[in-house]
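Understanding the architecture of this molecule
As a plain string of letters, each chain reads:
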Amino acid sequence: MVPADLVPALAAHRQFLEGRPNGQRLSMRGAMLTGTDLERQRLSMAMLAGVDLSRARLSRSFLDGADLFGANLAGADLADASLVGADLRGVNLAKARMHGANLERADLRAGQLVVWVATRQVSRSHSADLGGADLQNAKFGDADLSFANLAGASLRGADFQNATLFAANLNGADLSGANFGRARLKGALLNNCRIDGADFRGADLRQTEMRNVDLSLARLEGAQVSNEGGNLGEPLTADFRQHLSQHADWIQTNGANGVRLDQAKMVLHGSNLVGLDLSGACFSQADLTLADLADAKLCLAQFDGARLGRTRFTGADLSGANLAGAVLDLANFAAAKLGPMVLLTPDGRPSGRDWPVDLRGASLRNADLRSADLRQAKLEGAILDGANLAGADLRGVDMKKVSIKGASLTGTLLDPS
């Protein structure tokens with residue numbers, strides 16, 4: 001039931017929408033309406049910037065063209081509501097219930113909010129937050145969600161045709177059956193997403209992050225995918241995808257859930273693992289000859305004793321990884337990160353300790369290490385004969401027990417001898 005004190009204002013707003021005498025546009029900027037029941041109300045064109053409607057009931061209401069700039073709708077029920085063309089810049093819709101809602105042509109870009117800090121005004125940018133929201137079958141056609149947060153949202157069957165999602169965060173979202181036809185997703189984050197049956201035909205997927213995503217499950221005809229090597233090779237086996245899903249849960253929950261990926265001693269010859277997040281995974285003594293791990297995230301991963309000849313690690317992040325005794329002849333580490341991993345305390349703060357990459361006793365004959373970051377790496381007993389170290393950073397590395405016969409050292413950063 002609508003609160004009694006709002007009844008006259010809502011009645012006047014209905015008259016305003018109908019063009020009748022004595023009509024007055026609803027203006028409740030910054031009002032505190034937490035938990036208010038506004039189901040099936042006609043609120044189109046209402047001025048509600050900065051309003052607090054958290055946990056409010058707005059299902060089947062009409063908010064077309066409404067000004068909800070910077071509004072707080074966290075946990076609100078907007079199921080089957082209409083927000084066509086609404087101004088939702090900087091809005092907070094975290095964990096809102098919005099299945100079947102219509103947000104076509106809505107503006108969900110970041111909003112510039114002006115706040116007072118001490119005695120001066122400061123402008124701060126707030127992205128629209130739809131994290132964890134229930135957006136099943138919602139309509140976002142032609143909407144602008146640039147930089148919006150949709151991490152962990154349920155977007156099953158949602159329609160994003162022609163929508164703009166530039167640099168949007170969809171990590172961990174369920175995109176099963178969603179339609180992204182001709183959508184602009186350049187620079188978006190789609191790590192660990194479910195995309196079974198999703199339609200990306202004609203979409204712009206350039207520079208997107210798609211770790212632990214099997215694009216063979218989606219439609220991609222005409223899509224622009226610039227990730228070199230991409231995730232468009234042979235699809236991963238269902239069993240391996242299951243292991244990756246469990247590993248993703250393990251990473252996201254800091255080990256509380258899921259299972260760490262353990263492929264020790266496994267034969268993964270030629271595997272396409274481009275762009276996957278395999279941080280902390282175990283590949284000890286595995287055979288990854290000719291595998292492709294370009295742009296993969298491999299922080300603190302274990303490759304000790306592994307066979308990695310001709311494996312591609314270009315642009316990969318191997319901070320703190322263990323590669324002791326690994327065979328890496330002719331491997332490609334161009335622009336890879338092989339520097340120390342900053343260790344954090346349980347509350348996420350830097351502990352003041354670093355964990356260097358371990359390459360002791362590794363064979364890197366004729367490997368490509370151009371512009372690679374090898375700061376503080378442990379290289380005692382490593383063989384880099386014929387390796388290309390042009391532009392590589394080897395500061396903090398003890399090179400006295402490293403073999404570099406015939407290696408290219410043009411522009412290599414070394415500590416003074």
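About the criteria used
Residues numbered from 1 in each chain as written. Predicted model: local features only at pLDDT ≥ 70, side-chain atom pairs only at ≥ 80, totals over all residues. Heavy atoms only, no water. Helix = DSSP H or I, 4+ residues; strand = E, 2+ residues; numbered from the N terminus. Buried < 20%, exposed > 50% of the residue type's maximum accessible area, 1.4 Å probe, protein only. Contact = heavy atoms within 4.5 Å. Areas by Shrake-Rupley, 256 points an atom, 1.4 Å probe, with all protein chains shown as cover. Lys, Arg positive; Asp, Glu negative; His and termini not counted. Charge placed at Lys NZ, Arg CZ, Asp CG, Glu CD. 1 Å grid on protein atoms, 1.4 Å probe; cavity = no way out; pocket = protein on both sides within 12 Å on 5 of 7 lines; lining within 4 Å. Points joined across faces, edges and corners; volume = space filled by probe spheres on them. Nonpolar A, V, L, I, M, F, W, Y, C, P; charged D, E, K, R; others polar. pLDDT = per-residue confidence, 0-100. Arc of directions from axis to C-beta. Phe/Tyr/Trp six-rings, centres within 6.5 Å; stacked < 30°, edge-to-face > 60°. Core = buried A, V, L, I, M, F, W, Y, C linked by side-chain atoms within 4.5 Å. Disulfide = S-S within 2.5 Å. Salt bridge = Lys/Arg side-chain N within 4 Å of Asp/Glu carboxyl O.

Below, the discussion takes up the overall build of the chain. The helix and strand inventory of the chain stands at two helices and four strands. Secondary structure elements in the chain, listed N-terminal to C-terminal, are α-β-β-α-β-β. Taking the principal axes of the C-alpha coordinates as reference, the chain spans close to 90 × 50 × 35 Å. Taking all 417 residues of the chain together, 47% fall into the buried category. Within the chain, residue pairs in contact and separated by at least 24 positions form 20% of the contacts whose partners lie at least 6 positions apart. Accessible area for the chain stands at about 19000 Å²; split by element, carbon and sulfur atoms hold 48% of it. In the chain, the 45 positive side-chain charges and the 46 negative ones have mean positions that sit 3 Å from each other.

Vacant regions in the atomic arrangement are exposed by a probe of water-molecule size rolled over the atoms. On inspection of all chains with the given rule, the structure shows four cavities of 30 Å³ or more. The calculated volume of the second largest cavity comes to roughly 40 Å³.

Here we come to the layout of surface pockets. Quantified by volume, the largest pocket comes out at close to 730 Å³. Along the wall of the largest pocket there are 23 residues; nearest its centre are Ile251, Asn254, Ser279, Leu300 and Met341. Secondary structure elements with two or more residues in the lining of the largest pocket: helix 2 (238–252) and strand 3 (341–344). Tallying contributions element by element places strand 3 first for the lining of the largest pocket, with four residues. Of the residues contributing to the lining of the largest pocket, the split by class is nine nonpolar, ten polar and four charged. As for the second largest pocket, its lining consists of 24 residues, of which Asn192, Cys193, Arg194, Asn212 and Ser245 are closest to the centre. Across the lining of the second largest pocket, the residue classes tally to ten nonpolar, eight polar and six charged.

Right, let's get into the confidence of the model for the chain. Taken as a whole, the chain shows an average pLDDT of 89; of its residues, 92% reach a score of 70 or greater. Element-level pLDDT for the chain is lowest in strand 1 (residues 111–117), with a mean of 51, against a maximum mean of 94 in helix 1 (residues 7–17). Low pLDDT (under 50) marks residues 227–234, which in the prediction has 18 contacts with non-local residues, meaning those over four places away or in another chain.

Take helix 1 next. Residues that lie three or four places apart on an α-helix share one face, since the helix turns once every 3.6 residues. Every buried residue belonging to helix 1 is among Leu10, Ala12 and His13, and all of these are buried. Each buried residue of helix 1 sits inside an arc of 160 degrees when the element is viewed along its axis, so together they form one side.

Within this structure, the stated rule accounts for seven aromatic pairs. For the ring pair Phe180 and Phe200, a centre distance of 5.0 Å and an interplane angle of 5 degrees mean the geometry is stacked. Highlighted residues: Phe180 in the loop between strand 2 (120–126) and helix 2 and Phe200 in the loop between strand 2 and helix 2, separated in sequence by 20 residues. Residue classification places Phe180 among the buried residues on the basis of a relative accessible area of 0%.

Right, let's talk about the nonpolar core for a bit. One finds Leu108, Leu150, Leu165, Leu170, Leu175 and Phe200 to be the most contacted residues of the largest nonpolar core, which totals 70 residues. Once you skip the residues sitting within four places of it in the chain, Phe200 turns out to touch Leu175, Phe180, Leu185, Leu190, Ile195, Leu205, Ala218, Arg219, Leu220 and Ala223. Grouped together as the second largest cluster of nonpolar side chains are 49 residues, Leu244, Ala301, Leu338 and Ala382 included.

Turning our attention to the side chain of Ser61. For Ser61, the position within the fold is in the loop between helix 1 and strand 1. In this structure Ser61 comes out as buried when scored by relative accessible area, which is 1%. Setting aside residues no more than four positions away along its own chain, Ser61 makes contact with Leu38, Glu39, Arg40, Gln41, Ala81 and Ser82.

For the coordinates displayed, the defined rule picks out zero disulfides. Considering cysteine sulfurs only, Cys299 is the nearest to Cys193, which forms no disulfide, with 20 Å between them. A relative accessible area of 7% places Cys193 in the buried class. The thiol of Cys282 is unpaired, and the distance to the nearest cysteine sulfur, on Cys299, comes to 16 Å. Residue Cys282 is classed as buried on the basis of its relative accessible area, which comes to 9%.

What the rule picks out here adds up to 18 salt bridges. We note a salt bridge from Arg97 to Asp77, for which the minimum N-O separation is 3.0 Å. Taken together, the positions of Arg97 in the loop between helix 1 and strand 1 and Asp77 in the loop between helix 1 and strand 1 put the pair 20 residues apart, joining distant regions of the chain. Note on Arg97: relative accessible area 38%, which makes it partly exposed. Overall, the relative accessible area of 19% leaves Asp77 in the buried class. A salt bridge links Asp292 to Arg312; the shortest N-O distance between them is 3.0 Å. Taken together, the residues span a long stretch of sequence, with Asp292 in the loop between helix 2 and strand 3 and Arg312 in the loop between helix 2 and strand 3 at a distance of 20 residues. Residue class for Asp292 comes out buried when judged on its relative accessible area of 17%. Overall, the relative accessible area of 18% leaves Arg312 in the buried class. One salt-bridge network, in which partners are shared between bridges, spans Glu18, Arg20 and Arg42.

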